[in-house]
Amino acid sequence: MPKYGSNVRFDTQVIKADTPENISRAAHLAAQLLRQGQVVGMPTETVYGLAANAFDDSAVEKIFLAKGRPQDNPLIVHISDKDMLEELTAECGDVRRQLIDSFWPGPLTVIFPKSGRVSLKVTAGLDTVAVRMPVHPVALAMISEAGFPLAAPSANLSGLPSTTCAQHVQNDLSGKIPLIVDGGECSVGLESTVVAVKENTITVLRPGGVTAEMLKKAVPWAEIKIAEAVFKPLKEGESAPSPGMKHKHYSPKAKVILCTGKPEKIVDFANGYAGKNAVFIGSREVCAGVTIDRLEYEASPEDEARHIFSYLRRADELGYAFVVIAESENAGIGMAINNRLLRAAGFEVVEL
Ligand code: AMP
Ligand code: MG
């Protein structure tokens, strides 16, 4: 195994985890590497993660190195069993307990006051830790076989769209990590919802697979707030409640032109990009009127969420200069889609 450093190259292995036997073989191999302090590509239901032992500082450092992630952007810690939470925090409370009981395993990340065991490397110096229990069987098998929580950010080069299949991870990180476990395409396709809890208020720091409507239904006595930075760029010098908010994110090389308006106007606007090396990403319905190149999904917002990152990546693979795309309806998972699109477009929206 080569020693890690900026010039170390791995012969990255990709191993399929598509049957019960393959899953246990992959989990075994991944756990061996994780115990040695290595970093492994891990499938989850949201996006692929870049996982390392959350209790091993030098392993956690390798995550930041491999992705080129800013050191001040903390990592989410993944557990396979609710009991693992006891090692990470001493404090839960009624609201967090209700959230855990309602949404774990699943795409909800909850912020807790951190225990002494959690290193400041994972939390980027914060006294809180972000924790999630994924529902993907391969992620659960990898964590429980390793026997310790795994710190894992999205498995993409920092700034690029997140990865939703093993091939994306290979494209970004081949040679930089020893192993990618291929658990198929991610079923949600967008990152987890991140929430902070203070008394009876739940603040959504990043919208994701668990929607604001779902949070309200699960904890009806709590007030649900959406952090301002979800839809607006931070002002000069403003501190971020979630450090990931201040970094450039999800951007393909192509310029993302985000628009909003009635479908007919969107079609006309997209068609105005004829001859400009542009591609339109939209539902099959809207695409029907578009004459420039198209990447289509079915009409449901869930299907849009599943495709958005892979289509932004596809646009770069196909060498387009522009991606034209419309905002989603700002409800349900549409809020998470719009949050990612706003960031990809540098918060510029063309009102039609
Ligand atoms: P990623 O790992 O790329 O999915 O990003 C993780 C997100 O969780 C980033 O937006 C982080 O800023 C956020 N996050 C992680 N830990 C904390 C924390 N302790 N407090 C607030 N936000 C956090
Ligand atoms: Mg990320």
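Residues numbered from 1 in each chain as written. Chains lettered and ligands numbered in written order. Predicted model: local features only at pLDDT ≥ 70, side-chain atom pairs only at ≥ 80, totals over all residues. Heavy atoms only, no water.

Novice: Teacher, can you tell me more about the packing of helix H10 (residues 301-317) against helix H11 (residues 334-344) here?
Specialist: How two helices sit against one another is set out by the angle between their axes and by the gap between those axes. Two elements in contact, H10 and H11, have axes whose closest approach is 10 Å; the angle formed by their N-to-C orientations is 30°. The angle between the axes of H10 and H11 places the two elements in the roughly parallel class. Here H10 and H11 pass one another in a crossing that is left-handed. In this structure, H10 contributes Pro301, Glu304, Ala305, Ile308 and Phe309 to the contact, and H11 contributes Ile337, Arg340 and Leu341. (Axes fitted to C-alpha atoms, helices over the stretch in contact; angles between N-to-C directions. Helix = DSSP H or I, 4+ residues; strand = E, 2+ residues; numbered from the N terminus. Parallel < 35°, antiparallel > 145°, perpendicular 65-115°, else oblique. Left-handed = near helix turned anticlockwise from the far one by under 90°. Contact = heavy atoms within 4.5 Å.)

Novice: Would you take a moment to explain the sheet that holds strand E14 (residues 293-297) for this structure?
Specialist: By definition, the strands of a sheet pair up through backbone hydrogen bonds, in either a parallel or an antiparallel sense. Ordered by their spatial adjacency, 5 strands build an open sheet running E14-E13-E15-E12-E16, and the pairing between neighbours is parallel. Among the strands making up the open sheet, the edge pair consists of E14 and strand E16 (349-351). Ignoring strand direction, the axes of neighbouring strands in this sheet form an average angle of 25°. In this structure, strand E13 (residues 278-283) lies alongside E14, joined through 5 bridges in parallel fashion. Each residue of the ladder has a partner; that of glycine 282, found in E14, is glutamate 296. (Pairing = 2+ DSSP bridges.)

Novice: Quick question: what am I supposed to make of the packing of aromatic side chains here?
Specialist: In this description, an aromatic ring pair is defined by two values, namely the gap between the centres and the angle between the planes. All chains considered together, the criterion is met by 4 aromatic pairs. Taken together, the aromatic side chains of Phe269, Tyr273 and Phe322 make up a single cluster linked through ring pairs. Over the ring of phenylalanine 55 we find arginine 117, and its NZ or CZ is 3.8 Å from the ring centre. Against the face of tyrosine 273 rests lysine 276, its NZ or CZ located 5.1 Å from the ring centre. (Phe/Tyr/Trp six-rings, centres within 6.5 Å; stacked < 30°, edge-to-face > 60°. Lys NZ or Arg CZ within 6 Å of the ring centre and 35° of its normal.)

Novice: Could you clarify how one ought to interpret the site of ligand 1 in this entry?
Specialist: Surveying the vicinity of ligand 1 reveals 18 residues, the closest of which are Thr128, Pro153, Arg206, Ser242 and Gly244. Asparagine 73 has a polar side-chain atom sitting 3.1 Å from an oxygen atom of ligand 1. Here threonine 128 contributes a side-chain N or O atom positioned 3.0 Å from a nitrogen atom of ligand 1. When the free accessible area of ligand 1 is taken as 490 Å², the share hidden by the protein chains comes to 95%. Where the shell around ligand 1 is concerned, the elements lending two or more residues are strand E6 (128-132) and strand E10 (201-206). Residues of the shell around ligand 1, tallied by class, amount to 11 nonpolar, 5 polar and 2 charged. (Near = heavy atom within 4 Å. Polar contact = N/O pair within 3.5 Å; in protein donor to acceptor, adjacent residues only side chain to side chain. Areas by Shrake-Rupley, 256 points an atom, 1.4 Å probe, with all protein chains shown as cover. Nonpolar A, V, L, I, M, F, W, Y, C, P; charged D, E, K, R; others polar.)

Novice: Help me out: how do you make sense of H10 in this one?
Specialist: Structural remark: α-helix, 3.6 residues per turn; residues separated by three or four positions point the same way. Under the 1.5 Å per step criterion, the end-to-end length of H10 is 24 Å for 17 residues, consistent within 8% with the ideal 24 Å. Along H10, the sharpest kink reaches roughly 40°, centred on isoleucine 308. Buried residues of H10: Asp303, Glu304, Ala305, Ile308, Phe309, Ser310, Tyr311, Leu312, Arg313 and Ala315, and no others. In the core, the buried residues of H10 are packed alongside helix H6 (166-173), strand E12 (255-260), E13, E14, strand E15 (322-326) and H11. Immediately beyond the C-terminal end of H10, within one or two residues, lies glycine 319, with a positive phi of roughly 75°. (Expected span 1.5 Å × (residues − 1). Bend = angle between axes of the 7 residues up to and from the residue. Buried < 20%, exposed > 50% of the residue type's maximum accessible area, 1.4 Å probe, protein only.)

Novice: What am I meant to see in the pairing of E13 here?
Specialist: The side chains of a regular strand alternate, first on one face of the sheet and then on the other. The buried count for E13 comes to 6 of 6 residues, which makes it a mostly enclosed element. Relative to E15, E13 runs parallel, the two being bridged by 4 bridges. Along E15, the bridge assignment pairs valine 279 with valine 323.

Novice: What's the story with H6 in this structure? I'm lost.
Specialist: The set of residues buried in H6 consists of Ala166, His168, Val169, Asp172 and Leu173. Each buried residue of H6 lies within a common arc of 155° when the element is viewed along its axis, so the set occupies one face. Looking at the packing, one finds that the buried side of H6 touches strand E1 (13-16), strand E3 (49-53), helix H2 (57-67), strand E8 (179-182) and H10. Glycine 175 occupies a position one or two residues after H6 and carries a positive phi of about 90°. (Arc of directions from axis to C-beta.)

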